[in-house]
Amino acid sequence: MQQTTQLSSLKSNPLPSPDIKVGFLNAASFELMQRAARMMAHSTLVPAAYQSVITKLDRYGQVVDRRENPNAISNCVIVLNMSARMNADPLMIAQNLYIVEGRPSWSSQWIIAAINSCGRFSPLRFEIKELGEKNVEYTTYAWVNKERTAKTEKIKIKDKVCIAWAIERETGERIESPPVSIEMAVKEGWYTKNGSKWQTMEDVMLRYRTASFFGKLYAPELLMGLQSTEEIHDTLIEAVADDKGVYQTNIDDLKPRTEQAPQPTGNASEQPDIVDPETGEILPASQGNEQAQDEDEMKPEPPPSPIATDPETEAISAQTATRKTKQLDLG
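The sections below set out a description of the structure shown in this document. Just so we're clear, the structure is a prediction, and the values are computed from it rather than from any experiment.

The rules behind these values
Residues numbered from 1 in each chain as written. Predicted model: local features only at pLDDT ≥ 70, side-chain atom pairs only at ≥ 80, totals over all residues. Heavy atoms only, no water. Helix = DSSP H or I, 4+ residues; strand = E, 2+ residues; numbered from the N terminus. Contact = heavy atoms within 4.5 Å. Areas by Shrake-Rupley, 256 points an atom, 1.4 Å probe, with all protein chains shown as cover. Core = buried A, V, L, I, M, F, W, Y, C linked by side-chain atoms within 4.5 Å. Buried < 20%, exposed > 50% of the residue type's maximum accessible area, 1.4 Å probe, protein only. Phe/Tyr/Trp six-rings, centres within 6.5 Å; stacked < 30°, edge-to-face > 60°. Lys NZ or Arg CZ within 6 Å of the ring centre and 35° of its normal. Salt bridge = Lys/Arg side-chain N within 4 Å of Asp/Glu carboxyl O. Axes fitted to C-alpha atoms, helices over the stretch in contact; angles between N-to-C directions. Parallel < 35°, antiparallel > 145°, perpendicular 65-115°, else oblique. Left-handed = near helix turned anticlockwise from the far one by under 90°. Nonpolar A, V, L, I, M, F, W, Y, C, P; charged D, E, K, R; others polar. Pairing = 2+ DSSP bridges. Expected span 1.5 Å × (residues − 1). Polar contact = N/O pair within 3.5 Å; in protein donor to acceptor, adjacent residues only side chain to side chain.

**Digging into the overall build of the chain**
Within the chain, the secondary structure is distributed over 11 helices and 12 strands. Considering only residue pairs separated by 6 or more positions, the chain has 52% of its internal contacts joining residues 24 or more positions apart. As presented, the chain carries roughly 23500 Å² of accessible surface, and 52% of it is formed by carbon and sulfur atoms.

Here it is, written out as structure tokens:
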């Protein structure tokens, strides 16, 4: 038996709309994404780069400064988009996605957790072997006479090598990451950076780096093509976090420092040559000095400054002038 439905009942009770998911494909999905991003930006559980208002506290917990973050909504939208593509929780993505020099990066703990929870591999394991002490040569760069110059130095280390491995569940095969050693960290410049964790937490850094290499080779879809935070720290030069939680590098530190011109001393023959700024002609030091003296002589002398006198002196001078004038009239 068929049931009939009145049109009036459909108007009063419309059919439920399909589920709307966050995304950029239609207006409803984009509106939902913006609403979720605003809610996330007003939360204090997300890092500073995603908060709409950044509050700076002193050591006593008192508010020192409050400023708005104009990029908070946009950053949260990107987090929601990545969570939808990865089918992961947005809060977990926000808490483990760091921005270093404008590039998003994952924390190494999250990379290990993503590999362990994807279901394709057994839990990630690490093997560390000690290789003994050795002297390792590495190259540093410095600015000499406004030119970047390479310099070879040596350092004594206690070398270790680490690999990350797991069993692929589908094939039962043991798969391994490329080996990472302390010698490799020295030659790549990670070990000798200022404040490097490789000198104080070498075992942890070895595990973090091999886990990142493992994820890039065998599960790149989990990392979405992003590097780990530690990798970007090691490749950048003195990246520090600002009050917004964003890591940046001071470009002035990468430029050669301007050297002051040496002051001329000794005889004129020992002094450096002088370049005429107007013609570009190179003049000897003695000729440059003579030209400077001629220019000084051609400058007009400033008018003499008035001499300040007291009232009594001015009165005496006036009386003397008047007396001389009367004598001239009588004569």
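**Quick notes on the nonpolar core**
Core analysis: the largest hydrophobic core is formed by 50 residues, its most contacted members being Tyr-50, Leu-97, Trp-106, Trp-198 and Phe-214. At seven residues, the largest contribution of residues to this core is made by helix α3 (residues 72–86). Every residue in contact with Trp-106, bar those within four places of it in the chain, is listed here: Met-82, Met-86, Ile-93, Asn-96, Leu-97, Ile-111, Leu-222, Leu-223, Leu-226, Gln-227, Ser-228 and Thr-229.

**Re the packing of aromatic side chains**
Applying the stated criterion to the full structure yields four aromatic pairs. One aromatic cluster is present, formed by Phe-121, Phe-214 and Tyr-218 through successive ring pairs. When the ring centre of Trp-165 is taken as origin, the NZ or CZ atom of Arg-174, which lies over that ring, is 4.3 Å away.

**Points about the pattern of salt bridges**
Scanning the model with the defined rule gives 13 salt bridges in all. Lys-134 is the partner of Asp-159 in a salt bridge, and the nearest nitrogen-oxygen pair spans 3.2 Å. In this pair, Asp-159 sits in strand β6 (residues 147–167) while Lys-134 sits in strand β5 (residues 125–144), placing the two residues 25 residues apart along the sequence. Note on Asp-159: relative accessible area 1%, which makes it buried. When its relative accessible area of 28% is taken as the criterion, Lys-134 is described as partly exposed. One salt bridge connects Glu-183 with Lys-134, and the closest N-O pair in it is separated by 3.2 Å. Of this pair, Glu-183 sits in helix α6 (residues 182–187) while Lys-134 sits in strand β5, placing them 49 residues apart in sequence. Beyond isolated ion pairs, a larger network of salt bridges with shared partners links Lys-134, Asp-159, Glu-183 and Lys-187.

**So, the packing of helix α5 (residues 108–117) against helix α7 (residues 202–218)**
For the pair α5 and α7, interaxial distance at closest approach is 9 Å and the crossing angle is 50°. With respect to α7, the element α5 is oriented oblique. Here α5 runs over α7; the crossing is left-handed. Across from Ser-108, Gln-109, Ile-111, Ile-112 and Ile-115 in α5, the residues of α7 making contact are Tyr-208, Ala-211, Ser-212, Phe-214 and Gly-215. A breakdown of the residues in the contact of α5 with α7 according to their chemical character gives six nonpolar, four polar and no charged.

**Some thoughts on the pairing of strand β3 (residues 97–100)**
Sheet topology places β3 next to strand β4 (residues 103–106); four bridges connect them, and they run antiparallel. Bridge pairing links Tyr-98 to Ser-105 in β4.

**Topic: helix α2 (residues 27–41)**
Here α2 spans 21 Å end to end across 15 residues, near enough to the 21 Å set by a 1.5 Å rise per residue. Contacts made by the buried residues of α2 are with α3 and α4 (90–96). One side-chain oxygen of the residue at the start of α2 lies 3.2 Å from the amide nitrogen of Ala-28, identifying that residue as Asn-26.

**Overview of the side chain of Ser-212**
By secondary structure assignment, the location of Ser-212 is in helix α7. Within polar-contact distance, the side chain of Ser-212 engages the side chain of Glu-231 at 2.6 Å. If sequence neighbours within four positions are ignored, Ser-212 has contacts with Ile-111, Leu-223, Ser-228 and Glu-231.

**Considering the pairing of strand β2 (residues 63–68)**
In terms of burial, β2 is a largely surface element, zero of the six residues being buried. Sheet topology places strand β1 (residues 53–57) next to β2; five bridges connect them, and they run antiparallel. Following the sheet pairing, Leu-57 is matched in β2 by Val-63. Hairpin connection from β1 to β2: five residues lie between these consecutive antiparallel strands, with Gly-61 at a positive phi of about 85°.

**Looking at unusual backbone geometry**
With phi around 55°, Asn-87 is a residue other than glycine that occupies positive phi space. Mapped onto the fold, Asn-87 is located in the loop between α3 and α4. In this structure, Met-224 is a non-glycine residue whose phi angle is positive, near 55°. Within the element layout of this structure, Met-224 appears in the loop between α8 (220–223) and α9 (229–235).

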